[in-house]
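Coordinate analysis (summary)
Residue strings, one per chain:
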Amino acid sequence: MGDLIVSTMWEEFVSGFLVNALVATGLTFILWLRERRMEFSYVISIWLTIFYLCFLLEITLLGREPGSRSAVNLHFLGTYAPDMYAQSYMLENVLLFIPMGILWPIRMERMHRLAWVILGCFVASVLIETTQLVTERGYFQIDDIWLNVVGGMIGWSIWKLCRCVSTVRRMN
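Residues numbered from 1 in each chain as written. Predicted model: local features only at pLDDT ≥ 70, side-chain atom pairs only at ≥ 80, totals over all residues. Heavy atoms only, no water.

Each helix and strand in the chain was counted, giving five helices and two strands. Going residue by residue from the N terminus, the α and β elements of the chain occur as α-α-β-α-α-β-α. For the chain, the spread of C-alpha atoms along the principal axes amounts to about 50 × 35 × 35 Å. Counting only contacts in the chain whose residues sit at least 6 apart along the sequence, the fraction spanning at least 24 positions is 72%. Carbon and sulfur atoms provide 69% of the accessible area of the chain, an area that totals close to 11500 Å². Side-chain charges of the chain comprise 13 positive and 14 negative groups, with the mean position of each set lying 18 Å from the other. (Helix = DSSP H or I, 4+ residues; strand = E, 2+ residues; numbered from the N terminus. Contact = heavy atoms within 4.5 Å. Areas by Shrake-Rupley, 256 points an atom, 1.4 Å probe, with all protein chains shown as cover. Lys, Arg positive; Asp, Glu negative; His and termini not counted. Charge placed at Lys NZ, Arg CZ, Asp CG, Glu CD.)

Listed below in structure tokens is the structure:
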């Protein structure tokens, strides 16, 4: 039984990954056709951003049955429980926004400041949670919002560290 569940989850992950990769490749190619003078690193950052947004939509909205969930939890740490199942959902919310914290500063100069990344992650998370509530594709949970923001902050910290290391290497 457990093998069947893992096998099914793996198949869904692989098929979703391939669809997202195809969509990202197609949209990136269309953008490249419009502006052929783009640097390769810029094209890669566009592809990664589109792929990530497709992945985010799949995980938070499209991969869920409409009308399957409808609840609001406004209690801070209201989703915390000592079991691995609950903690894995909390970890998922952090991991989900780490790429956003990395990609936004790469794509937008304004996001070089942590305050803008925090605000952007907060707004994006509230939009996702509100859409989940309205479409009944997920629960509106305060914990999801602050954990997403923490993930964005971790991602920004990774970006900042890489940028500092890159600057030091160029100076030497």
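This is not the end of the story, as more comes after the structure.
Let's shift gears to the packing of aromatic side chains. The tally for this structure, following the rule as stated, stands at three aromatic pairs. Where tryptophan 47 meets phenylalanine 51, the ring centres are 5.2 Å apart and the plane angle is 10°; that geometry is what we call stacked. Of this pair, tryptophan 47 and phenylalanine 51 both sit in helix α2 (residues 40–62), four residues apart, roughly one helical turn. Residue tryptophan 47 is classed as partly exposed on the basis of its relative accessible area of 23%. Phenylalanine 51 sits in the buried class, given a relative accessible area of 13%. Aromatic pair phenylalanine 76 and tryptophan 146: ring centres 5.1 Å apart, planes at 35°, arrangement tilted. Linking phenylalanine 76 in the loop between β1 (72–73) and α3 (84–107) with tryptophan 146 in helix α5 (residues 142–171), this pair joins segments that are 70 residues apart in sequence. Classification of phenylalanine 76 by relative accessible area gives exposed; the value is 56%. (Phe/Tyr/Trp six-rings, centres within 6.5 Å; stacked < 30°, edge-to-face > 60°. Buried < 20%, exposed > 50% of the residue type's maximum accessible area, 1.4 Å probe, protein only.)

Inspection of the secondary structure assignment puts aspartate 144 in helix α5. With relative accessibility at 9%, the residue aspartate 144 sits in the buried group. At 2.9 Å, the side chain of aspartate 144 and the side chain of asparagine 93 are in polar contact. Once you skip the residues sitting within four places of it in the chain, aspartate 144 turns out to touch Asn93, Ser125, Glu129 and Tyr139. (Polar contact = N/O pair within 3.5 Å; in protein donor to acceptor, adjacent residues only side chain to side chain.)

Just geometry here; none of it tells us what the structure is for.
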